[in-house]
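# Structural description and commentary
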Amino acid sequence: MSQKNSAAAKESNKNVKVIDNVSGKESNFPILTGTEGAPVIDIRKLYAETGYFTYDPGFIATGSCESKITYIDGDKGILLHRGYPIEQLAENSDFLEVCYLLLYGELPKQNQKTEFDRAITLHTMLHEQITNFYRGFRRDAHPMAIMCGVVGALSAFYHDSTDIADPHQRMVASYRMVAKMPTIAGWAYKYSLGQPFVYPRNDLEFSENFLHMMFATPCEEYKINPVIAKAMDRILILHADHEQNASTSTVRLAGSSGANPFACISAGIASLWGPAHGGANEAVLNMLNEIGNKDNIADFIKKAKDPNDPFRIMGFGHRVYKNFDPRAKIMRETCHSVLDELDIREEPLLDLAMELERIALEDEYFVSRKLYPNVDFYSGIIFQALGIPTTMFTVLFAVARTVGWIAQWNEMIEDPNQKIGRPRQLYTGSAQRDHVPISERG
Ligand code: CMC
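In this text, all values refer to a predicted model and were calculated from it rather than measured experimentally. (Residues numbered from 1 in each chain as written. Predicted model: local features only at pLDDT ≥ 70, side-chain atom pairs only at ≥ 80, totals over all residues. Heavy atoms only, no water.)

### A few points about the overall build of the chain
The criterion, for reference: Counting from the N terminus, the helices are DSSP H or I runs at least four residues long and the strands are E runs at least two residues long. Here the globule rule reads 2.2 Å times residues to the power 0.38, and the radius of gyration is calculated from C-alpha atoms. Residue contacts are counted whenever heavy atoms from the two residues lie within 4.5 Å of one another. Shrake-Rupley sampling with a 1.4 Å probe provides the accessible areas, and residues are treated as covered by the protein chains on show and by no other component. His is not counted, nor are the chain ends, whereas Lys and Arg count as positive and Asp and Glu as negative. Charge positions come from single atoms, namely NZ of Lys, CZ of Arg, CG of Asp or CD of Glu.
Per the secondary structure count, the chain includes 18 helices and 6 strands. In terms of overall size, the chain behaves like a compact globule, its C-alpha atoms giving a radius of gyration of 24 Å where 442 residues would be expected to give roughly 22 Å. When its C-alpha atoms are laid out on the principal axes, the chain stretches across 80 × 65 × 55 Å. Taking all contacts inside the chain whose residues are at least 6 apart in sequence as the whole, residues at least 24 apart take part in 69%. Of the roughly 22,500 Å² of accessible surface on the chain, 51% is carried by carbon and sulfur atoms. Positive and negative charge centroids in the chain, built from 45 and 55 side chains respectively, lie 5 Å apart.

### Some remarks on the sheet that holds strand E3 (residues 40–41)
Applied cut-off: Two strands form a pair only when DSSP identifies at least two bridges running between them.
Judged by pairing direction, the sheet is antiparallel, and its 3 strands sit side by side in the order E1-E2-E3 without closing on themselves. Single-partner strands in this sheet number two, and they are strand E1 (10–19) and E3.

### A look at the pattern of salt bridges
Operational definition: Each salt bridge in this description consists of a side-chain nitrogen of Lys or Arg and a carboxyl oxygen of Asp or Glu lying within 4 Å of one another. Categorising residues by exposure relies on relative accessible area from a 1.4 Å probe, with only protein chains included: less than 20% of the type maximum marks a residue as buried, more than 50% marks it as exposed, and the intermediate range marks it as partly exposed.
Inspection of the entire model under this criterion finds 18 salt bridges. In this structure, Arg176 engages Asp160 in a salt bridge whose closest nitrogen and oxygen atoms are separated by 2.8 Å. In this pair, Arg176 is assigned in helix H7 (residues 167–193) and Asp160 in the loop between helix H6 (143–157) and H7, connecting sequence segments 16 residues apart. Residue classification places Arg176 among the buried residues on the basis of a relative accessible area of 10%. Salt-bridge contacts for Arg252 lead to Glu411; the nearest nitrogen and oxygen are separated by 2.7 Å. In this pair, Arg252 is assigned in helix H10 (residues 246–255) and Glu411 in helix H18 (residues 393–414), connecting sequence segments 159 residues apart. Across this residue pair, the class does not change: Arg252 and Glu411 are buried. Salt bridges linked by common partners bring Asp94, Lys113 and Asp117 together as one network.

### Some words on the site of the ligand
The cut-off we apply is this: Residues are counted as near a molecule or strand when any one of their heavy atoms sits within 4 Å of it. As used in this structure description, the phrase polar contact means that two N or O atoms lie within 3.5 Å; if the pair is within protein, one of them must be able to donate a hydrogen and the other to accept it, and residues adjacent in sequence are counted only when both atoms belong to side chains. Any residue outside Ala, Val, Leu, Ile, Met, Phe, Trp, Tyr, Cys, Pro, Asp, Glu, Lys and Arg is labelled polar, Gly included; the first ten of those are nonpolar and the last four are charged.
Neighbouring the ligand are 20 residues; His277, Arg312, Ile313, Gly315 and Arg319 lie closest to it. The side chain of Arg319 places a nitrogen or oxygen atom 2.7 Å from an oxygen atom of the ligand. When the ligand sits alone it has 940 Å² of accessible area, and the protein chains cover 72% of it. Classifying every residue of the shell around the ligand by side-chain character gives 10 nonpolar, 6 polar and 4 charged.

### Regarding the confidence of the model for the chain
As a reminder of what qualifies: Looking at any residue, its pLDDT shows the predictor's confidence there, from 0 to 100.
Of all residues in the chain, 98% attain a pLDDT of 70 or more, and the chain-wide mean is 93. When the criterion is pLDDT under 50, residues 1–5 qualifies, and its contacts beyond four places in sequence or with other chains add up to 10 contacts.

### Some points on the state of the cysteines
Counted only if it meets this: The term disulfide is used for any two cysteine sulfur atoms that are within 2.5 Å.
Throughout the structure, instances matching the rule amount to 0 disulfides. For Cys99, which is in no disulfide, the shortest distance to another cysteine sulfur is to Cys264 and amounts to 19 Å. Given the relative accessible area of 0%, Cys99 is considered buried.

### As for the sheet that holds strand E6 (residues 84–85)
Strand order in this open sheet of 3 strands is E4-E5-E6, and the pairing throughout is antiparallel. The sheet terminates laterally at strand E4 (70–73) and E6, the two strands that pair on one side only. Relative to E6, strand E5 (residues 78–81) is paired through 2 bridges, and the arrangement is antiparallel. Following the sheet pairing, Leu80 is matched in E6 by Pro85.

### Some thoughts on the packing of helix H9 (residues 226–238) against helix H14 (residues 326–341)
Note the cut-off: Here an axis means a line fitted to C-alpha atoms, over the contact stretch when the element is a helix, while the angle between two N-to-C directions is reported on a 0 to 180 degree scale. With respect to orientation, any angle under 35 degrees is reported as roughly parallel, any angle over 145 as roughly antiparallel, any angle of 65 to 115 as roughly perpendicular, and every other angle as oblique.
Taken N-terminus to C-terminus, the directions of H9 and H14 make an angle of 170°; their axes are 11 Å apart at the nearest point. Between H9 and H14, the interaxial angle falls into the category roughly antiparallel. Only Arg327, Ile330, Met331, Thr334, Val338 and Glu341 of H14 make contact with H9, whose side of the interface consists of Val227, Ala231, Arg234, Ile235 and Leu238. Looking at the contact of H9 with H14 residue by residue, the classes come out as 7 nonpolar, 1 polar and 3 charged.

### Notes on the side chain of Ser266
Summarising the element assignment, Ser266 is placed in helix H11 (residues 261–272). Ignoring sequence-local partners within four residues, the contact set of Ser266 consists of Cys148, Val151 and Gly152.

### Description of the packing of aromatic side chains
Where we set the bar: Any pair of Phe, Tyr and Trp rings, taking the six-membered ring for Trp, is counted once the centres come within 6.5 Å. Such a pair is stacked with planes under 30 degrees apart, edge-to-face with planes over 60 apart, and tilted for the rest.
Counted under the stated rule, the structure contains 21 aromatic pairs. Pairing Tyr47 with Phe53 gives two aromatic rings, centres 4.4 Å apart and planes at 20°, and the pair type is stacked. We classify Tyr47 as partly exposed; its relative accessible area is 47%. We classify Phe53 as partly exposed; its relative accessible area is 36%. Each ring, one from Tyr100 and one from Phe116, has its centre 5.4 Å from the other, and the planes form 85°; the classification is edge-to-face.

Structure (structure tokens):
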């Protein structure tokens, strides 16, 4: 094999022949196989051999990297982290165990878990001067705007973990990111309310601590509801990683130039914010509120189907899943159990969501395009039941996804095939032409 492949990617005995009908030249490209999923055509030499680039806006058929972290079978609705099905992780692990798995590749033994949990808690505080940074934001700033800014600024505070060539510094930066995100997120919320920042408490579990930093005040004791803490932990697990989605690819692309991890994660947060990605959970709730009641569902479905109307049913559809998103199934169950446990007998938005889901799943438009509810369809309703404000929904997604981003970033740095990400293009602008003096322009 002329170009480097890792120990896992195997060159099969098949290849793909490209015949240039103009020159008659034939070129062969090897097919590489992984452990699961579609094989890939290795086109790294395509341009050198044929003079052609490939054209694939949105990377619909392009594998951008080799990865051992997460696998999705979109047709079967399967999601595996390091080989373990998401259903088993959601049932049996806590969020920090999943973090360990994503970062290290194996489930931790008891002593490893104890050490890891302790190490994370030692990084939960933020440099005190970061409080000044928050004060520069308007009070009505969207918390995702604050997240982009504060996370990007971490590289100005933690210089001792920005040398990406040093594996120890990379791991310290990874722990810092996982540990500090709930604090950064909690403080973004507190700032929007005009309440004092609540400092982390290391005697609490990860999700309990997160709730504490969002909801405690200095005036009275905040009692953590174990049902809410458990649901929060499960939601974090469901969002922890999702292979090469837009924000993860953004983190990898930013990191491919050698940028420091804090800057890369900030880029990932910016990408996540969009309504086609993590911003969908906030958009679902806004949409349900706009629909208002079941009588209006038909009108909104009609709008979603109209090719001349940009409106889409938020929380529906996925680039990879052409079957039920397995995370949405667990999210729906969690949603019902949270509402039961909190004794919320009637939740009009949940009723509306279920009716919308029922109607859409019977509609030819959605059926033929294999558009199913995704993870964001139900998460907003649970967040609302947990007392979390709408603008914080995508922030919660970012807190959870940080471990996926950082695990994928580490994997990229260690990949012997890693190169700066630099796609090519199909240029359709003006051909070369000469500058015309302004007085002579018609
Ligand atoms: N409502 C109505 N029509 C839709 C929807 C939707 N939610 N999603 C896709 N379609 C239609 C789309 O108009 C197209 O129809 P046609 O073939 O007639 O042109 C067809 O389905 C295929 O859609 P696409 O835009 O080519 O698919 P994509 O893979 O580029 O986009 C998506 C995937 C998730 C961006 C899109 O389904 C979408 O915008 N969904 C709503 C936003 C959303 O829920 N995002 C969260 C994704 S999951 C969590 C995450 O990634 O953060």
